[in-house]
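One-letter residues, chain by chain:
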Amino acid sequence: MSLWTFFGLARGRATSDWDGGDLREAGQAGVQGMPRVSAQPCAESCAVCVAACPTDALRLVEGPGGVGTAPGQSVALDYGRCIACQRCVEVCPTDTLKASYDWALAVRARSDLQFDPAPAALDALALDLQSAIARRFRHSLHIRHVDAGSCNGCESELQALMNPFYNLHRLGIFFTASPRAADLLLVTGTVTEPMREPLRAAWEAMPEPKWVMAMGACAISGGVAREGYAGGSGLQGLIPVDVYLPGCAPNPAAIMHALLLLLGRSEQHLHGGRPDG
Amino acid sequence: MRILHLPAGDIPNNIDHLLAQGGRMLMVYATQIEGRNEACYLAAPGIGKPFQLWLVDVPPGGLPSMAVHVPLLGWYEREMQDLSGVGVLNHPEPFPLVIEHGDMPAPFTQTHSTAHYPAPHIVPEVEGDDVQELDFGPIRADVFESAQFRFFYIGERILRYQPRLFLKHRGMEKRFQGLAPDAAVILAERVSGVGALAHALAFCQAIEDAAGVQVPPRARVWRSVLGELERVYNHLHYLGALADATSLKVGQAEGRLLEEQAKQLAARACGQRLLMNVLRPGGLRRNLALMADFLPRLDQLEAASLRYLDQLERTSTFLDRLHTTGSLPHTVAFDQGATGPVERASGLDRDLRRDHPYAAYADYSPLVALHQDGDAYARYHVHGAELRAGFDLLRGLLGHLPDGAVHVPCTASAGGIGLGWAESPRGSVYYVVHLDRNARLERVKIKSPSYSNWRVFPYTVHGSNMMDYAINEASFGSTIAGCDR
């Protein structure tokens with residue numbers, strides 16, 4: 001065993017720097033993000049992106065039109081359904097939909113995941129909630145993870161949080177075995193019929209105050225397996241959600257950002273479906 | 001692939017003939033043609049020989065079960081019963097498998113199966129004054145996939161072990177129905193997230209088979225590169241998880257760190273850590289270019305991985321926990337349908353990359369690691385050897401990336417059938433695709449390695465002891481999502 005002690009010591013520090021809460025670049029060079037809807041107007045009666053989207057994240061709406069032009073057709077995008085598969089940006093003929101590196105897109109209100117060309121209002125309730133969480137749990141958080149029917153992609157990235165590179169423990173965030181010791185229920189997967197009861201039992205076993213995070217498109221909206229004979233629609237209508245983390249699968253830095261967002265230790269980068277910057 | 005039409009009565013003889021020739025049955029599933037059920041048996045006659053798909057009209061009374069003869073077909077027959085309402089006669093375990101709530105009609109046919117049994121989670125019943133029962137799951141400690149396990153044990157000794165899987169069954173095969181092949185790749189990638197590349201590759205190759213299309217050389221080499229990257233990150237994950245199960249904490253941390261570096265390399269190669277969003281029928285979705293620091297990082301990862309393997313091999317506390325744990329005899333591995341490193345650790349010398357080359361493996365044949373002992377050590381050993389071989393393959397492939405196109409048009413014709421396969425990190429993945437009259441997907445059947453290996457796993461647990469269970473489970477390294485689909 002002493003072999004391993006020296007081996008570990010010789011390996012030195014492997015943990016990434018975490019500079020003031022901005023994890024957006026940490027270890028994620030080259031990682032594709034979610035599409036952005038640019039100000040470029042759509043081609044007339046074009047709906048190729050809507051047809052290409054495998055999860056119905058896109059729909060056509062009346063848009064405000066470009067500068068000096070009349071209102072025309074535009075697209076609305078639901079980041080809660082988007083699986084970042086990049087098909088829409090590949091087929092868009094006008095650059096209305098653009099590829100991006102935006103992936104740290106966790107939000108507190110479901111409405112913040114919805115881009116509509118018409119401007120959206122801020123959700124005041126979510127901001128109140130955030131300050132309540134910040135007061136109570138700012139320095140430590142215990143998480144109970146429940147896989148309610150995932151492809152294992154989300155679990156793979158969640159497990160990565162415990163590796164030395166991300167080293168989640170340094171932030172005072174821990175996974176716990178018992179829901180009775182948990183502050184946050186972190187749900188992945190589409191919520192299949194047989195998993196509904198165990199999920200609910202875990203949530204009910206948690207003491208108040210408690211919070212819920214929906215991780216990945218499946219838990220937010222059902223993802224690729226939504227509304228089949230076996231797949232569910234995520235947490236919609238099942239239990240209340242406090243933080244939504246879109247993606248498929250969200251990378252570990254995006255998960256850390258979402259957890260710190262819940263704790264009021266990082267900023268939300270998506271408002272009314274509009275990414276910062 | 002050869003397609004044969006057989007009467008139901010010929011199946012036993014054909015199976016006998018296949019087994020006598022050294023072949024193996026792979027799976028059976030049902031399709032629907034104009035309201036009739038057709039059973040499709042996929043058979044592998046042997047190394048280098050084309051696969052066969054036997055199409056059999058299901059007789060009105062039902063299909064005779066082959067599960068006593070070929071045990072690995074047992075689960076497929078039960079699944080066929082659940083999903084397509086096909087009656088299977090004289091099945092040794094005539095219970096539902098993937099869908100437990102009995103009132104629902106079979107999803108593919110909307111018919112109700114004539115036979116109705118509740119799903120038993122214990123076969124046979126275990127009773128006795130000193131017998132203890134432990135139900136574990138479906139929500140388990142730490143970050144794990146959901147599955148439930150029932151143990152009957154006395155003291156340390158496990159009398160009977162019954163996993164309850166398919167709680168995560170998402171009906172993925174049904175979701176392919178009606179999709180255009182190009183759109184359906186996205187779905188194949190999300191059947192098993194940590195096998196995304198192998199699933200997408202097998203699916204794309206099935207479409208290419210139905211279309212009769214050859215993929216350009218550059219795309220073929222890239223497909224092998226991405227496939228080996230998937231193997232590298234999964235095998236590093238495997239070693240870290242095995243070190244964790246044996247309470248080797250530094251070893252666990254090192255394995256997880258190296259896995260992270262491999263995933264970051266994957267993102268640098270294709271923009272996605274789990275190698276999604278990169279394949280399509282006919283080649284790749286876009287040309288890929290290596291970042292300047294890719295090769296130096298790969299070299300560093302290889303050096304660190306080899307050091308890690310050497311260090312594990314020198315750790316007696318680690319090795320002692322693996323030797324003789326979870327022994328899987330050669331015959332059980334064959335009969336129950338073990339695949340991948342699990343079967344190779346029980347002496348079954350099979351690897352699709354060598355036996356039925358695809359992508360660039362005809363030119364870059366892998367070293368197939370074997371072990372005869374069938375225990376957790378053998379499985380660890382095979383994973384380690386495959387990890388080393390994976391780096392060798394990557395170096396060879398990346399040194400000879402051809403120029404040129406990465407995609408050719410690929411349109412499968414209406415009514416076509418295609419077969420694709422890939423050797424994933426966990427074993428063989430097969431996709432059979434049936435196209436409808438509009439050249440959209442009518443039926444897609446997935447044979448995933450975790451399904452195969454979960455079928456095998458309980459045979460290594462009965463009669464073993466509780467302390468070894470976690471190590472044994474980690475030494476299989478199966479996923480639940482791939483099994484449940």
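This one's a predicted model, so the numbers in the text were calculated from it and none came from an experiment.

Here is what the cut-offs are and how they apply
- Residues numbered from 1 in each chain as written.
- Chains lettered and ligands numbered in written order.
- Predicted model: local features only at pLDDT ≥ 70, side-chain atom pairs only at ≥ 80, totals over all residues.
- Heavy atoms only, no water.
- Helix = DSSP H or I, 4+ residues; strand = E, 2+ residues; numbered from the N terminus.
- Domains from an automatic or database assignment.
- Contact = heavy atoms within 4.5 Å.
- Buried area = accessible area lost by both parts, 1.4 Å probe.
- Salt bridge = Lys/Arg side-chain N within 4 Å of Asp/Glu carboxyl O.
- Polar contact = N/O pair within 3.5 Å; in protein donor to acceptor, adjacent residues only side chain to side chain.
- Buried < 20%, exposed > 50% of the residue type's maximum accessible area, 1.4 Å probe, protein only.

*Asks:* Can you tell me about unusual backbone geometry, naming the residues and giving the values?
*Replies:* Geometrically, the link from C248(A) to A249(A) is a cis peptide bond, its omega value of -15° lying close to zero. Note that the residue after G137(B), namely P138(B), is joined by a cis bond; omega there is 5°. Inspection of the secondary structure assignment puts P138(B) in the loop between β7 (132–136) and β8 (148–154). Phi at D95(A) is positive, roughly 65°, even though this residue is not glycine. In this fold, D95(A) is placed in the loop between α3 (87–91) and β4 (97–98). Of note, the phi angle at F166(B) is positive, near 70°, even though the residue is not glycine. Checked against the element boundaries, F166(B) lands in the loop between β9 (157–164) and α3 (172–175).

*Asks:* Residue-level account of the domain arrangement of chain A, with values.
*Replies:* All names here are of chain A. Here chain A is partitioned into domain 1 (36–103) and domain 2 (124–272). Facing 9 residues of domain 1, the contacting portion of domain 2 comprises 13 residues. Both sides together, the interface formed by domain 1 and domain 2 hides about 940 Å², and carbon and sulfur atoms give 60% of it. Put simply, domain 1 and domain 2 have 1 salt bridge between them. Across the pair R226 and D56 runs a salt bridge whose closest N-O atoms are separated by 3.0 Å. Along the contact surface separating domain 1 from domain 2 lie 3 residue pairs in polar contact (both at pLDDT 80 or more).

*Asks:* Explain helix α15 (residues 466–476) of chain B residue by residue, including any values.
*Replies:* Residue and element names in this part refer to chain B. Most of α15 sits out of view: 9 of its 11 residues are buried. Every buried residue of α15 is accounted for by M466, D468, Y469, I471, N472, E473, A474, S475 and F476. At the N-terminal boundary of α15, the capping side chain belongs to N465, with an oxygen 3.1 Å from the backbone nitrogen of M467. Positive backbone phi, approximately 65°, marks G477, located one or two places after α15.

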